[in-house]
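Structural characterization, general
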Amino acid sequence: MFTNVPLDAVVSIEDADTIYRIRGCSTVKTSMIEICEILKLSPPPADHDRLGQIVSSLRNPVHEVHIAIVGKYVDLTESYKSLSRR
């Protein structure tokens, strides 16, 4: 509404647990074709087998990873809200 983006250029995609799962959505395919045409890009075709392997790896992890976030304002819960996940 306030971005000067034409309404037909706005794409609504349902939530997915990972970005790699939205690749099969027809809305995404159509949008990507339009974006490539506007930007005059000719990307190589996606390797769907590899993307499937990535999704499988994300859903069935072999190892557990611990990630620490070091920050100045860690006592302020809203400062790193997007990183607070357990």
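Data block above holds the structure.
This write-up is about the structure you can find in this document. Bear in mind the structure is a predicted one, so any value in this text is a computation, not a measurement.

1. Details of the overall build of the protein
Looking only at helices and strands, the protein features 2 helices and 0 strands. Split into buried and exposed, the 86 residues of the protein put 7% on the buried side.

2. Here we look at unusual backbone geometry
One non-glycine residue with positive phi stands out, namely Asn 4, at about 65°. Along the polypeptide, Asn 4 turns up in the segment before α1 (26-39). Exposure remark for Asn 4: the relative accessible area of 80% places this residue in the exposed category. Even without glycine at this site, Lys 40 takes up a positive phi of about 55°. The residue Lys 40 is located in the loop between α1 and α2 (48-59) in this model.

3. Topic: a nonpolar patch on the surface
Together, Met 32, Ile 35, Ile 38, Leu 39 and Leu 41 make up an exposed nonpolar region whose accessible area comes to about 510 Å². Within the secondary structure layout, Leu 41 lies in the loop between α1 and α2. Overall, the relative accessible area of 48% leaves Leu 41 in the partly exposed class.

Rules used in this analysis
Residues numbered from 1 in each chain as written. Predicted model: local features only at pLDDT ≥ 70, side-chain atom pairs only at ≥ 80, totals over all residues. Heavy atoms only, no water. Helix = DSSP H or I, 4+ residues; strand = E, 2+ residues; numbered from the N terminus. Buried < 20%, exposed > 50% of the residue type's maximum accessible area, 1.4 Å probe, protein only. Patch = residues over 30% accessible without salt bridge, like charges linked within 9 Å, V, L, I, M, F, W, Y side chains within 5 Å. Areas by Shrake-Rupley, 256 points an atom, 1.4 Å probe, with all protein chains shown as cover. Salt bridge = Lys/Arg side-chain N within 4 Å of Asp/Glu carboxyl O.

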